[in-house]
Amino acid sequence: MSILSFDNKDAVTWHCIIDFTVHNKISRELKFGGTENDIMEKIKVAVIGCGNIANSAHIPAYMKNPKVEIKYFCDIIGERAEAAVEKYGVGKAITDYHEALSDSEIGAVSVCTPNNMHSVIACDFLRAGKDVLCEKPAARVLDEALLMQKTQKETGRLLNIGVVNRYNDAVNKIRDYIKEGKLGEVFHVYISFRSNRSIPGLGGDFTTKAVSGGGALIDWGVHFIDLVMYCTGDPTPLTVTGEAFSKLGKDIAGYTYKDMWAGPPKADGIYDVEDSVTGMIRTTGPVVTFNGAWAQNIGENEMFIDFCGDRAGIRLRYLGNFDVFTAEHGALVKYTPDFKMRNAYENEINAFVDSLFTREHLPSNIDNAVITSRIMQAIYDSSDAHREIVL
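Since the structure is predicted, the reported quantities are computational estimates derived from the model, not experimental observations.

A few words now on the overall build of the protein chain. Along the backbone of the protein chain there are 11 helices and 15 strands. Sorting the 391 residues of the protein chain into buried and exposed places 50% on the buried side. Expressed as a percentage of contacts within the protein chain between residues at least 6 apart in sequence, the contacts between residues at least 24 apart total 72%. A total of about 18,700 Å² of accessible surface is found on the protein chain, and carbon and sulfur atoms cover 53% of it.

Right under this line is the structure:
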């Protein structure tokens, strides 16, 4: 049939198609929470866990996003949930996440609990038909992360992990530099995430392996390793070797520090995780080497990543800007790109909210996060066995 010439029957057919298309468009808008014309109400979300990361990142970003509304603040410590309701002036405080789980109005959740609950809570919400943004790491151990991935596949819901550096403007510029070939072949990446005294919540959840899954590697290293994988195109890891050390935090009462995230220490608590780690990752792309420490007897805080290419190199100051090093016209050259840096957590939350409408799989989806989980598991396994692990 020519679209330039059709009879009345054809006209009715096309009219029905147009009506059906418009109806579907409105239905999608009504289902997923509105459009630029605000056709429908906001998507209702729940924040599970109202500790530091929820209050410093997730909740403020949701509050700024016009497409969502926080309906529940959930924490097993009821005072934390109630404090969030009072502070932000919205939502209901609950202590049992199953109340949000059974609420048909909830479309998505942020899971901001200790690591031991990530897999359990995320899978429960996925099975209940909700989309999930789960804080990093995906889980304590690889098996739990793989269960999350399997549940996502079975349910078809969205599952993103809070590897926020994939939404950092400096990181994305470095990724573009590498993709465009400005560095040439990136053959080696060196990671440093070292601090003099930064063990968090000594004696509590952070330093209890049954809760956290590990120490400096799973807390800080996950961000750095994931960032490198993202910038270099998510290459396949081939082999891993590593050693993890638990030295400076074992004497909780004798640990000397100036300030402490999630402190103060619990003198009668547990410390059975690593405070420093070192190793090497061979991939189908660059070789990645790293040194990391929550605490070390070196009075320096060194948080940077060096991307070494055969045409140029980049040093990224973690959470900051970066320098480019190269040679031009017989001269050694260094320059620092100047650009506006947006809030990475807001970028992350905004991308997650948009994906609730578009159903887009974001760079932080569980499939990519599992790669980092696999690497970290291999580092711990290598340290336990004192040998290289083939993936």
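This paragraph deals with empty space enclosed by the protein. What the rule picks out here adds up to 1 cavity of 30 Å³ or more. Empty space within the largest cavity amounts to approximately 40 Å³. As for the largest cavity, its lining consists of Gln152, Lys153, Arg157, Leu158, Leu159, Asn160, His361, Asn365, Ile366 and Asp367. Breaking the lining of the largest cavity down by element, the ones donating at least two residues are α6 (142–155), β6 (159–162) and α11 (366–385). Class assignment of the residues belonging to the lining of the largest cavity gives a composition of 3 nonpolar, 4 polar and 3 charged.

This brings us to the pairing of strand β8 (residues 237–245). Relative to strand β9 (residues 276–283), β8 runs antiparallel, the two being bridged by 8 bridges. Its bridge partner being in β9, Thr241 is matched across the sheet by Met280. As paired elements, β8 and strand β15 (residues 389–390) share 2 bridges and run antiparallel to each other. Of the residues in β15, the one forming a bridge with Val240 is Ile389.

This part covers the pattern of salt bridges. A complete count under the given rule lists 22 salt bridges for this structure. Taking the shortest distance from any N to any O, the salt bridge between Asp75 and Arg80 comes out at 3.9 Å. Arg282 is paired through a salt bridge with Glu388; the nearest N and O atoms lie 2.6 Å apart. With Arg282 in strand β9 and Glu388 in the loop between α11 and β15, the pair connects residues that are 106 residues apart, well separated along the chain. Overlapping salt bridges bring together Lys71, Asp103 and Glu105 as one network.

The subject of this paragraph is the environment of Gly201. Of note, Gly201 is situated in the loop between β7 (186–194) and α8 (209–212). Sequence-distant contacts of Gly201, defined by excluding residues within four places in its chain, comprise Thr207, Met260, Trp261, Ala262 and Gly263.

Cut-offs applied
Residues numbered from 1 in each chain as written. Predicted model: local features only at pLDDT ≥ 70, side-chain atom pairs only at ≥ 80, totals over all residues. Heavy atoms only, no water. Helix = DSSP H or I, 4+ residues; strand = E, 2+ residues; numbered from the N terminus. Buried < 20%, exposed > 50% of the residue type's maximum accessible area, 1.4 Å probe, protein only. Contact = heavy atoms within 4.5 Å. Areas by Shrake-Rupley, 256 points an atom, 1.4 Å probe, with all protein chains shown as cover. 1 Å grid on protein atoms, 1.4 Å probe; cavity = no way out; pocket = protein on both sides within 12 Å on 5 of 7 lines; lining within 4 Å. Points joined across faces, edges and corners; volume = space filled by probe spheres on them. Nonpolar A, V, L, I, M, F, W, Y, C, P; charged D, E, K, R; others polar. Pairing = 2+ DSSP bridges. Salt bridge = Lys/Arg side-chain N within 4 Å of Asp/Glu carboxyl O.

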